[in-house]
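This is what each chain is made of:
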Amino acid sequence: GGALRLRTAFVGDSSIVYGRRSVEGGAWQVRQLGVDHKPDREDELQRISAAGGEVWRGDPPRLLCSVGGLAMSRSLGDFAAAECG
């Protein structure tokens, strides 16, 4: 057979995980394909701060804004959260 291709997309607060079985009924092999956009990641803290946002470093860390505290730092189409950085 031909080569198998896998195409993925990473959209804001969605995680991408790839799983496969080597043989029917065998154990699953799982691999994370993306890195979650968490508000306490150093690069996300810098981006949020530069955009005028603020992060509360509790458990879980939250992006603070007028709509409340969000546990992710990016989201596709979330216009209310866009003002937070």
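Before reading on, note that the structure itself is shown above.
A brief look at the structure comes next. This one's a predicted model, so the numbers in the text were calculated from it and none came from an experiment.

The next thing to look at is the environment of Arg31. Its place among the elements puts Arg31 in strand β2 (residues 28-32). Given a relative accessible area of 56%, Arg31 falls into the exposed group. Taking the C-alpha atoms as reference, Arg31 lies 5.2 Å from Tyr18; in sequence the two are 13 residues apart. Setting aside anything within four residues of it in sequence, one finds Arg31 in contact with Ile16, Val17 and Tyr18.

Before going further, it helps to examine the nonpolar core. As a rule of thumb, soluble globular proteins bury nonpolar side chains together. One finds Leu45, Ile48, Val55, Leu63, Cys65 and Leu70 forming the largest nonpolar core, which totals six residues. Where this core is concerned, the elements lending two or more residues are α1 (42-50) and β4 (62-65). If near-sequence neighbours (up to four positions away) are discounted, Val55 is found in contact with Pro39, Leu45, Ile48, Arg62 and Leu63.

Below, the discussion takes up α1. When α1 is considered as a whole, its buried residues turn out to be Glu44, Leu45 and Ile48. With its buried residues spanning 105° around the axis, α1 presents them on a single face. Structural note: α1 exposes Glu42, Gln46 and Ala50 on the side pointing more than 90 degrees away from its buried face. Taken together, the buried residues of α1 touch β3 (54-56) and β4.

Our focus in this paragraph is the pairing of β4. Side chains Leu63 and Cys65 of β4 all project onto a buried face; the interleaved residues Arg62 and Leu64 project onto a face where none is buried. The turn linking β3 back onto β4 is made up of five residues.

Here we take up the pairing of strand β1 (residues 17-21). With five bridges connecting them, β1 and β2 associate as antiparallel partners. Note on β2: the bridge partner recorded for Gly19 is Val30. Two successive antiparallel strands, β1 and β2, enclose a turn made up of six residues, where Gly25 displays a positive phi of approximately 80°.

Our focus in this paragraph is the pattern of salt bridges. Using the criterion set out here, one finds two salt bridges in the structure. One salt bridge in this structure joins Arg41 and Asp43, with 2.6 Å as the shortest N-O distance. With a relative accessible area of 22%, Arg41 lands in the partly exposed category. In this structure, Glu44 and Arg47 form a salt bridge, with 3.1 Å as the shortest nitrogen-oxygen distance. Note that Glu44 and Arg47 are positioned in helix α1 at a spacing of three residues, about one turn of the helix.

The rules behind each value
Residues numbered from 1 in each chain as written. Predicted model: local features only at pLDDT ≥ 70, side-chain atom pairs only at ≥ 80, totals over all residues. Heavy atoms only, no water. Helix = DSSP H or I, 4+ residues; strand = E, 2+ residues; numbered from the N terminus. Buried < 20%, exposed > 50% of the residue type's maximum accessible area, 1.4 Å probe, protein only. Contact = heavy atoms within 4.5 Å. Core = buried A, V, L, I, M, F, W, Y, C linked by side-chain atoms within 4.5 Å. Arc of directions from axis to C-beta. Pairing = 2+ DSSP bridges. Salt bridge = Lys/Arg side-chain N within 4 Å of Asp/Glu carboxyl O.

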